[in-house]
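A structural walkthrough
Residues per chain, in single letters:
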Amino acid sequence: MRRAPDVPPSQTRRNVTGAAVTTLGLIAGLWAQELVDLFAFGGRLDSLGIRPRDADTFWHVFTAPFLHGGLGHLVANTVPLAVLAFLSAVRNLWRFLGATLLIVVLGGGLVWLFARGGSLHLGASLLVFGYLGYLLGVGWWERTPAAIGVAVLTFLLYGGLLWGVLPSSPWVSWEAHLFGFLAGLVSAALLHGRPARR
């Protein structure tokens, strides 16, 4: 196990503040978008979700994780997204942003390639499962006390979500759950993989 480098208290405060502001911005943006969609567009923005293997709409991988099929869908995602996003961002904001981009592109791309045909996939659950996989993966790859502690906390809080990667309701995108989680693991390996021992 590697020893985590000492972090000055001032840096810790900046990390916490940056993670909190970023998380609040993400959640506020999702709610603002959904309210505008409902009251200004009548829900028509949901058409920007992922339609598997529709070549004209591959770019929807960038919009789908930020859309929801109504307020109930958004409410269900808000708390786990806020908690997991904050835990992911608090140590290093730039790595968090890189992980988010990888989860959106890789996870969404896999949904586009392999999800059920004739379906529409949208919602922040891709990010929820992506951050879950990312935090667990960071604990595995870094093997520092802090990373392992956060991974254990994450598993205790949201490990039960892992059942969501299995097929269940036809109205639930288990594919987004599965591929988001896998993309989070890949992000952790790419961004936190341990260097070779000398």
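Here, the structure is the one placed above.
Please read all numbers here as calculations on a predicted model, not as lab measurements. For every chain, the first residue of the written sequence is number 1, and numbering continues from 1 along that sequence. Given that this is a predicted model, residues contribute local features only at a pLDDT of at least 70 and side-chain atom pairs are listed and counted only at 80 or more, while totals for whole chains, interfaces and linings are drawn from all residues. Processing note: side-chain calculations cover all non-hydrogen atoms of the structure and skip hydrogens and water entirely.

**With respect to the overall build of the protein chain**
Per the convention used, a helix needs a DSSP run of H or I reaching at least four residues, while a strand needs a run of E reaching at least two, with both numbered from the N terminus. Counting its secondary structure elements, the protein chain contains 6 helices and 0 strands. Here the globule rule reads 2.2 Å times residues to the power 0.38, and the radius of gyration is calculated from C-alpha atoms. In terms of overall dimensions, the protein chain is globule-like: its C-alpha atoms have a radius of gyration of 17 Å, near the 16 Å expected for 198 residues. Expressed as a percentage of its 198 residues, the buried residues of the protein chain come to 42%. In the protein chain, once contacts between residues fewer than 6 apart in sequence are set aside, the share between residues at least 24 apart is 80%. Under the scheme applied here, a residue whose accessible area is under 20% of the maximum for its type counts as buried, over 50% as exposed, and between as partly exposed, the area being computed with a 1.4 Å probe on protein chains only. In this analysis, two residues are considered to be in contact whenever any of their non-hydrogen atoms come within 4.5 Å of each other.

**Structural notes on unusual backbone geometry**
Here the phi dihedral of arginine 53 falls at roughly 65°; this positive angle occurs in a residue that is not glycine. With relative accessibility at 42%, the residue arginine 53 sits in the partly exposed group. The residue arginine 143 is not glycine, and still its phi comes out positive at about 60°. Note on placement: arginine 143 falls in the loop between helix H4 (125–142) and helix H5 (145–158).

**Quick notes on the packing of helix H3 (residues 93–114) against helix H6 (residues 174–192)**
An axis is simply a line fitted to the C-alpha atoms; with a helix, the fit covers only the stretch in contact. Between two such axes, the angle follows the N-to-C directions and lies from 0 to 180 degrees. Across the interface, H3 lies against H6 with an axial gap of 8 Å and an inter-helix angle of 140°. Looking at the two axes, H3 sits oblique to H6. Between H3 and H6 lies a crossing of right-handed hand. Every residue of H6 that contacts H3 at Arg95, Gly98, Ala99, Leu102, Ile103, Leu106, Gly107, Leu110, Val111 and Phe114 is listed here: Glu175, Ala176, Phe179, Gly180, Ala183, Gly184, Val186, Ser187, Leu190, Leu191 and His192. Each residue is assigned to one class: nonpolar for Ala, Val, Leu, Ile, Met, Phe, Trp, Tyr, Cys and Pro, charged for Asp, Glu, Lys and Arg, and polar for all the others, Gly among them. Grouping the amino acids of the contact of H3 with H6 by side-chain chemistry returns 13 nonpolar, 6 polar and 2 charged. Each angle gets one of four labels, with under 35 degrees taken as roughly parallel, over 145 as roughly antiparallel, 65 to 115 as roughly perpendicular, and the rest as oblique. When the near helix sits turned anticlockwise from the far one by under a right angle, the crossing is termed left-handed; a clockwise turn instead gives a right-handed crossing.

**Remarks on the environment of leucine 153**
Tracing the sequence through the fold places leucine 153 in helix H5. Here leucine 153 falls in the partly exposed class, since its relative accessible area comes to 40%. Sequence separation between leucine 153 and leucine 87 is 66 residues, and the spatial gap between their C-alpha atoms is 9.8 Å.

**What about the packing of aromatic side chains?**
Each aromatic ring pair is described using two quantities: the centre-to-centre distance and the angle formed by the ring planes. Under the pairing criterion, centres of Phe, Tyr and Trp rings, with the six-membered ring standing for Trp, must be within 6.5 Å; the plane angle then separates stacked pairs below 30 degrees from edge-to-face pairs above 60, leaving the rest tilted. Tallied over the entire structure, the rule returns 3 aromatic pairs. Between the aromatic rings of phenylalanine 58 and tryptophan 112, the centroid separation amounts to 5.0 Å while the plane-to-plane angle is 85°, which identifies the pairing as edge-to-face. Note that phenylalanine 58 is positioned in the loop between helix H1 (9–40) and helix H2 (71–89) and tryptophan 112 in helix H3, a separation of 54 residues in sequence. Phenylalanine 58 sits in the partly exposed class, given a relative accessible area of 36%. Either the NZ atom of lysine or the CZ atom of arginine qualifies as a charge over a ring when it sits within 6 Å of the ring centre and within 35 degrees of the ring normal. Positioned over the ring face of tryptophan 140 is arginine 143, at 4.0 Å from the centre of the ring.

**Points about the side chain of serine 88**
When you line up the elements, serine 88 lands in helix H2. Each residue touching serine 88, except ones within four places of it in the same chain, is listed here: Phe96, Tyr131, Tyr134 and Leu135.

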